[in-house]
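Residues per chain are reported as follows:
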Amino acid sequence: MFVSEDLQVNAQGHLTIGGQDTVELAKQYGTPLYVMDEDLIRKHCRSFKQSMDKFYQGKGLVCYASKAFSCKAIYRVMQEEGLGVDVVSGGELYTAMQTGFDSSKICFHGNNKTTEELQMALDYQVGRIIVDNIYELHQLEQMCQEQGKTARIMFRIKPGVDAHTHNFIRTGQIDSKFGLSLETGEAMEAVKEALQCKSLHLCGLHCHIGSQILDTNGFEAAAEVMMQFIATIQKELHITIEELNLGGGFGICYTEQDDPIPYEQYMEAVSKVIHRCSEEYGVPQPFILIEPGRSIVAPAGITLYTVGGKKVIPNIRTYVSIDGGMCDNPRYILYQSAYDAIVANKADQPKDTKVTIAGKCCESGDLIGENMPLQACEPGDIIAVCATGAYNYSMSSNYNRLQKPAVVFVKDGTSRVVVKRETLEDLVRNDCE
Ligand code: PLP
């Protein structure tokens, strides 16, 4: 009935998440409110980890892509579940390290890491720096030489695979700001240069072909291309690439139109390619890393809003306004992403109206969705937008000087705030007199 296994309806006809009444949560913590089910997040971590153990005999590491949702609480969960993390800025790295995260399990990404960020990576001794370009390679080598340090690096490669996804979130093709191209020879040149760098150890290669991918074809094709490149490197340069990071991108169910396959199937399909290529090309099976973000946290999250005014425009549409919008969920205005919504206090009623859910920002495009099926709703009702656990809080902003909502984790019948709601004072904290 709902897009996430986590959502149910209780005897009061209210929507529940992780068994907890969302209407009560809205009352207790206010709206807008991000609510995430910690148990479900942990379940996803375990299922990825189990697949890794099953299909790669434990010779791999699942790194949660923390750009999907980053705060101290989530790094603690990942550490407890034995996952590594992918960070993409000094800010994410700092947040992880504030929780005492094991830095050897951190992959540090970014197509334009600043000198300060590279310095942080060296100081924290992160396990793998994913080098995006030659300029970064030289900069890192120079920093290491000057400071008598060493670093383990991977190269981000563009495998040239079209994962049939939305342009804005497609990153594996040649015309991408991320990584080094195979077709132009740039990637091979970078590998040769890395071998000349005395302070850097090229431990592996990385690729990430896109996001919200709903079939295995692209992943299999990318794995094949990467294994071929590893074989070419072995043949031409006589070195073994020890690790292969295949990125994230596993799709989830946002609306009933999406039909994702179980993650174990992705893992199995890709592992078959890795094993076959390893035999066929005579290269040792590399240690495999993956970086799921959305698939771990998105289905575990919802956002609760209070309905304000309603505007019926005859023969055109009905707008229902909520107390949040593009500031807490910019994915509609960015990508026209589809969501499912439910009136949380009427969750047992049929969705017999179609409404456009409008945010409160001064932008006409500030919508959560257009002509969405929804229960008939009135001012004061609570709307739950589903599957907002990824790329919502982490992409939120203070546009119009709106305060960012709180994030609440539910677990074992209790709830706790993991990120406080911003106050008006927070908004002016950095303003100078
Ligand atoms: N790894 C890299 C390098 C990425 O750029 C991204 C997303 O942009 C991810 C992992 C996570 O992707 P997803 O959240 O779709 O799993």
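Computed from a predicted model, the values in this text were never measured in an experiment.

### Some details on the pattern of salt bridges
- Counted under the stated rule, the structure contains 25 salt bridges.
- Note that Arg 276 is salt-bridged to Glu 280, the shortest N-O span being 3.4 Å. Highlighted residues: Arg 276 and Glu 280, both in helix α9 (residues 263–281), separated by four residues, approximately one helical turn.
- Of the residues examined, Arg 276 reaches a relative accessible area of 35% and is grouped as partly exposed.
- Judged by its relative accessible area of 52%, Glu 280 falls in the exposed class.
- Between Asp 426 and Arg 429 there is a salt bridge, with its nearest N and O atoms 2.2 Å apart.
- Classification of Asp 426 by relative accessible area gives partly exposed; the value is 27%.

### A look at the site of the ligand
- Lining the immediate environment of the ligand, one finds 15 residues, of which Ser 211, Gly 249, Glu 291, Arg 294 and Tyr 391 sit closest.
- Between the ligand and the protein, one listed contact pairs an oxygen atom with a side-chain N or O atom of Lys 67 at 3.4 Å.
- Contact with the protein chains removes 90% of the 390 Å² of surface that the ligand exposes when unbound.
- The class makeup of the residues in the shell around the ligand is three nonpolar, seven polar and five charged.

### Let's talk about the packing of aromatic side chains
- In this structure the tally under the stated criterion is twelve aromatic pairs.
- Aromatic side chains Phe 69 and Phe 409 sit 6.2 Å apart centroid to centroid with 40° between the ring planes, which places their arrangement in the tilted category. Remark: Phe 409 occurs in strand β20 (residues 406–411) and Phe 69 occurs in the loop between β5 (60–65) and α3 (72–80); sequence separation between them is 340 residues. Here Phe 69 and Phe 409 have matching classes, each one buried.
- When the ring of Phe 250 is compared with that of Tyr 263, the centres are 6.2 Å apart and the planes differ by 55°; the resulting orientation is tilted. Placement of the pair is Phe 250 in the loop between β12 (243–245) and α9 and Tyr 263 in helix α9, with a sequence separation of 13 residues.
- Judged by relative accessible area, Tyr 263 falls into the buried class, the value being 16%.
- Connected via pairs of aromatic rings, a cluster forms that spans Phe 48, Phe 219, Phe 250, Tyr 263 and Tyr 266.

Conventions we followed
- Residues numbered from 1 in each chain as written.
- Predicted model: local features only at pLDDT ≥ 70, side-chain atom pairs only at ≥ 80, totals over all residues.
- Heavy atoms only, no water.
- Salt bridge = Lys/Arg side-chain N within 4 Å of Asp/Glu carboxyl O.
- Helix = DSSP H or I, 4+ residues; strand = E, 2+ residues; numbered from the N terminus.
- Buried < 20%, exposed > 50% of the residue type's maximum accessible area, 1.4 Å probe, protein only.
- Near = heavy atom within 4 Å.
- Polar contact = N/O pair within 3.5 Å; in protein donor to acceptor, adjacent residues only side chain to side chain.
- Areas by Shrake-Rupley, 256 points an atom, 1.4 Å probe, with all protein chains shown as cover.
- Nonpolar A, V, L, I, M, F, W, Y, C, P; charged D, E, K, R; others polar.
- Phe/Tyr/Trp six-rings, centres within 6.5 Å; stacked < 30°, edge-to-face > 60°.

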